[in-house]
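Residue strings, one per chain:
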Amino acid sequence: MVFVDAPRHADLGAALTYASESPLAPGTLVRVPLGRRDVAGIVWDEAPGHPSDRGIELRSVTEAVRSLPPLGDHWRRLIDFAASYYQRSGGEIALSVVPPELRRLDDAQVAARRAKVEKAFAAPRPPVGAAAALPELSPEQSAALDQIRAQRARDPGMTLLLHGVTGSGKTEVYLRAADDALAQQRQALVLVPEINLTPQLEARFAERFAGHRIVSLHSGLTPAQRLRSWLAAHLGLADLVLGTRLAVFASLPRLGLIVVDEEHDPSYKQQEGARYSARDLAIYRGKLEGVPIVLGSATPSLETWQRATQGRYAALSLSRRIGGGSLPAVRLIDMNRAPQSAGGRPALAPLLVEALNQRIAAGEQSLVFLNRRGYAPVLHCADCGWKSACPHCSAWRVFHKIDRSLRCHHCGLAERVPSACPECGNLDIAPIGRGTERLEEQLAELLGRPEQRPARIARIDADSTRRKGALEAQLGAVHAGDVDVLVGTQMITKGHDFRRITLVAAVNPDTSLFSSDFRAPERLFALLMQAAGRAGRDASQSGRSEMWVQTWHPAHPLYQALTRHDFAAFAASQLAEREAAGLPPFSHLAMLRAEARTQEGARAFLDGAAQCAAELPEAAAVTVYPAVPTSIARVADVERMQMLIESPSRAALQRFLARWLPDLHILRRANSGEARILRWAVDVDPLAI
Ligand code: ADP
Ligand code: ZN
Ligand code: ZN
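Residue numbers run consecutively from 1 along every chain, following the written order of its sequence. Just so you know, chain letters begin at A and ligand numbers begin at 1, following the order they were written in. Local features in a predicted model are, by the rule used here, given only for residues with pLDDT of at least 70; side-chain atom pairs are given and counted only at 80 or more, and totals for whole chains, interfaces and linings are based on all residues. Hydrogens and water are ignored here; the side-chain numbers use all heavy atoms of the structure.

(A) How the structure looks around the packing of aromatic side chains. Between the rings of Phe, Tyr and Trp (Trp by its six-membered ring), a pair exists once the centres lie within 6.5 Å; its type follows the angle of the planes, with under 30 degrees stacked, over 60 edge-to-face, and the other angles tilted. In total, this model carries 13 aromatic pairs according to the counting rule given. A centroid spacing of 4.6 Å and a plane angle of 35° characterise the contact between F3 and W44, whose relative ring orientation is tilted. With F3 in strand β1 (residues 2-4) and W44 in the loop between β4 (37-43) and β5 (63-64), this residue pair connects regions lying 41 residues apart in the sequence. Exposed residues in this analysis have more than 50% of their type's maximum accessible area, buried residues have under 20%, and partly exposed residues fall in between, with area computed by a 1.4 Å probe over protein chains only. Judged by relative accessible area, W44 falls into the buried class, the value being 4%. Think of it this way: any DSSP run of H or I at least four residues long counts as a helix, any run of E at least two long counts as a strand, and we number them from the N terminus.

(B) Structural context of the coordination of the zinc ion (ligand 3). Distances define the donors: N, O and S atoms within 2.8 Å of the metal qualify, as do those within 3.2 Å of Na, K or Ca. Water is excluded, so some sites may look unfinished. On the protein side, the zinc ion (ligand 3) has C390 (SG), C393 (SG), C408 (SG) and C411 (SG) as donor atoms, found 2.2 to 2.3 Å from it. Around the zinc ion (ligand 3) sit 4 donor atoms; with metal-centred angles ranging over 107 to 112°, the donor geometry is tetrahedral. Sequence spacing of the donor residues for the zinc ion (ligand 3), all on one chain, is C-x2-C-x14-C-x2-C. Residue classification places C411 among the partly exposed residues on the basis of a relative accessible area of 29%. Site shape is set this way: if four donors have all angles between 85 and 135 degrees, tetrahedral; if opposite donors are over 155 degrees apart and all others between 65 and 115, square planar for four donors and octahedral for six; otherwise irregular.

(C) Focus on the coordination of the zinc ion (ligand 2). Within the protein, the zinc ion (ligand 2) binds to C381 (SG), C384 (SG), C421 (SG) and C424 (SG); these donor distances fall in the range 2.3 to 2.4 Å. Taken together, the 4 donor atoms coordinating the zinc ion (ligand 2) and their angles of 105 to 113° define a geometry best described as tetrahedral. Ordering the donors of the zinc ion (ligand 2) by residue number gives the pattern C-x2-C-x36-C-x2-C. The exposure class assigned to C381 is buried, which follows from its relative accessible area of 0%.

(D) View of helix α17 (residues 599-614). By definition here, a helix of n residues has an expected span of 1.5 Å times n minus one. For α17, with 16 residues, the first-to-last C-alpha span of 22 Å sits near the 22 Å given by 1.5 Å per residue. Of the positions making up α17, those classed as buried are G601, A602, F605, L606, G608, A609, C612 and A613. Buried residues of α17, viewed axially, fall in a sector of 150°; they line one side. Across from the buried face of α17, at angles greater than 90 degrees, the exposed residues are E600, Q611 and A614. We call two residues in contact whenever any of their non-hydrogen atoms come within 4.5 Å of each other. Looking at the buried side of α17, the elements it contacts are β24 (588-596), β25 (623-624), β27 (638-647), α18 (650-670) and β28 (677-684). It is the directions from the helix axis to the C-beta atoms whose arc is reported.

(E) Geometry of the site of ligand 1. When we say a residue is near a molecule or strand, we mean one of its heavy atoms is within 4 Å of it. Of all residues adjacent to ligand 1, which total 18 residues, the nearest are E136, Q141, G167, K170 and T171. Separating a nitrogen atom of ligand 1 from a backbone N or O atom of E136 is a distance of 2.7 Å. Contact distances for ligand 1 include 2.9 Å between an oxygen atom and a backbone N or O atom of K170. The Shrake-Rupley method, run with a 1.4 Å probe, gives the accessible areas here. Residue values count only the displayed protein chains as cover. Here ligand 1, which alone exposes 560 Å², has 76% of that area covered by the protein. Top contributing element to the shell around ligand 1 by residue count: helix α5 (residues 170-183), with 3 residues. Partitioned by chemical class, the residues of the shell around ligand 1 number 4 nonpolar, 7 polar and 7 charged. Two N or O atoms form a polar contact when they lie within 3.5 Å of each other; inside protein one atom must be a possible hydrogen donor and the other a possible acceptor, and for residues adjacent in sequence the pair counts only when both atoms belong to side chains. Note that Gly is not counted as nonpolar here; it falls among the polar residues with everything else outside the nonpolar set of Ala, Val, Leu, Ile, Met, Phe, Trp, Tyr, Cys and Pro and the charged set of Asp, Glu, Lys and Arg.

(F) Region of the structure containing the sheet that holds strand β21 (residues 485-488). For two strands to be treated as a pair, DSSP must find at least two bridges joining them. One open sheet holds the 6 strands; their spatial order is β13-β23-β22-β14-β21-β20, and the pairing between them is parallel. Every other strand in the sheet has two partners, leaving β13 (329-334) and β20 (457-460) as the edge strands with one partner each. Each adjacent strand pair in this sheet contributes to an overall mean axis angle of 20°, direction not counted. As judged from the 4 bridges shared by strand β14 (residues 365-369) and β21, these two strands associate in the parallel manner. Across the sheet, L367 pairs through a bridge with L486, a residue of β21. Note on definitions: angles span 0 to 180 degrees between N-to-C directions of axes, and those axes are lines fitted to C-alpha atoms, for helices only across the stretch in contact.

(G) Quick peek at the pairing of strand β10 (residues 255-261). Most of β10 is tucked away: 7 of the 7 residues are buried. Across 5 bridges, strand β7 (residues 187-191) lies against β10 in parallel orientation. Looking at β10, one finds that V190 is bridged to V259. Examined bridge by bridge, β10 and strand β11 (residues 293-297) share 4 bridges and lie parallel to one another. Directly across from V259, in β11, lies its bridge partner V294. If you view a crossover with the strands going away from you and the path from the first strand over the helix to the second runs clockwise, you call it right-handed. Each parallel crossover has a hand, and the one from β10 via helix α8 (residues 278-289) to β11 is right-handed.

(H) Geometry of the packing of helix α1 (residues 73-85) against α8. Direction vectors running N to C along α1 and α8 enclose 140°, while the axes themselves pass 10 Å from each other. The angle between the axes of α1 and α8 places the two elements in the oblique class. Our pair here, α1 against α8, has a crossing hand that is right-handed. Taken together, the residues of α8 that come into contact with α1 (itself represented by H74, R77, L78, F81 and A82) are L281, Y284, R285, L288 and E289. Across the contact of α1 with α8, the residue classes break down as 6 nonpolar, 1 polar and 3 charged. Here the word oblique covers every angle except those under 35 degrees (roughly parallel), over 145 (roughly antiparallel) and from 65 to 115 (roughly perpendicular). It is the rotation of the near helix from the far one that decides the hand of a crossing: anticlockwise by less than a right angle makes it left-handed, clockwise makes it right-handed.

(I) View of the sheet that holds strand β3 (residues 29-34). With antiparallel pairing, the 5 strands of this open sheet are ordered in space as β2-β1-β4-β3-β5. Of all the strands in the sheet, the pair left with one neighbour each is β2 (14-16) and β5. As paired strands, β3 and β4 are joined by 6 bridges and run antiparallel to one another. Bridge assignment links P33 to a residue of β4, and that residue is D38. Packed on one face of the sheet, helix α2 (residues 90-97) meets β1 and β4 and runs near 65° to β1.

In short, geometric facts, not functional conclusions.
Structure representation (structure tokens):
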């Protein structure tokens, strides 16, 4: 049986049978004929009892890619598991996770690439002895490392949670654990949520492991670079693979350690195609291959936290910052009491403006974050009530002042801002609310004192960093001290080891307090803790470091826990709420989503799916909820509906899905006419509800 790189989406990863003159080991890459073309394929293990198409004239494999070793047993088991757990075909996953370039090349071309990689990696390594002296571990770091070592000896496939406050030296623990693996001639896999935001981490690994071979694997690489990294990993030439979620599928013949940094980060979940969680697959892979897996976070996901408190994961804790610095004092600013000015409520409380000015005077940096880019989320005509709705989406178009455009962040529609109201001709259309662009403008007006030079303000968000190299340049300016106030979206709250920031301010975090998504508080808490972690990273300044939160709900338990930096208390209260409501991790979810030109079309498909479910005996163990529109129901003229399936038992949910999915494929094929759906998908363990 061969998983085939079929051109049509519907056949992606079809499993077909071919004849071969000599037997081919499972995992061998091949080129096979499909229609009139030759395509890539991977020889797969014959399913037990699979009728090997006897009596049919089989087409022959065109060529086996003998210049590469076959993909290993462990790798194929990982793909098989991912396919069955996330309800996709094995072929789809297998072919979508090998580099696209590899699927294009024949054996001779692969051989040439292999030779190049081998040559590059055989080049003389820099001297090892010259490496800088290692920092002495803190007692907590030593204890954590000892536990990882003990665990490796006792039960190597066990998951460990390294819960450490920001700046407590988690990365140093990863480095030491990786060093152990490398010393045993094993490979280490380190997963990070967004590699573009963590050039520092890459640099730290490269510096520490100067004598070793490090490759990265993420979607920002060119096809040739990605193939090179992948080959280096697969051939066992790379010692350390640093990558984003797709790297969980790297072929690593000598794997000895997996690290998942910021394990709670939502970007570990793939949001299209096979909607896998790289963190969860990493845990499975660790067990499968019997290698330690370390999950690190200052704010673990509640799923992970619950397992650690139950003893199913080994719990390691770093409760103190390196150098004895303290976490920033959290100040809640009650916006109900902020003075009103003629133009309504100010963006920033006067107290906060004063605090920012003090930092500038003292030569310290501040970070102000607002999770909304653009100038203003909507334009409004006070005369007739017109608002800048997107004609194709159930969303407002955002005003970007820089190029005077109205842009829809969902479908991408961009137009010049009208000079007058399109409905009534009123010339006075006004922005409502604010995004980072406007905040930057307002800060420039508010900050600075007569005796000071003007404040130097920099903005980092998806708009200001679109150009290649722009992010690095802006971060460089912050690190060099050429910036007084850094404004941005959550992009600036993640991971960066800023040394001069002593004040962090969250301008308007309340919006996610009352979201319909039950994970919104968990995400907000993580975001705020992470943001707080950017302040006072230099111990000599940590005593003065502060985090300010502007809120209309200062008494909210989430903010109260934040002021104490008390993740455990926050987690306990959230878990109690989840248990009472029967939500994860106390239940298991899957989401069936459908997209159609009309809401009725999407609903009809989901209703049909619910009927199919009702006829299955496995449905007794699950609850199928009614179909509802997604939170942004229409995007680019496509209506989106979803249906939640819930079960107290993961196994029961899996059994149900495995029986139900074939029905859905049939339902889809029978689905035609005006109300035809465009797409449907099942999302197992969905993150966004
Ligand atoms: P985290 O990943 O937990 O936020 P880091 O690993 O980035 O923390 O550590 C914070 C800072 O402390 C870094 O600059 C790091 O180089 C430094 N550091 C970590 N461990 C030690 C140590 N044992 N001795 C001295 N400095 C350390
Ligand atoms: Zn108008
Ligand atoms: Zn739109």
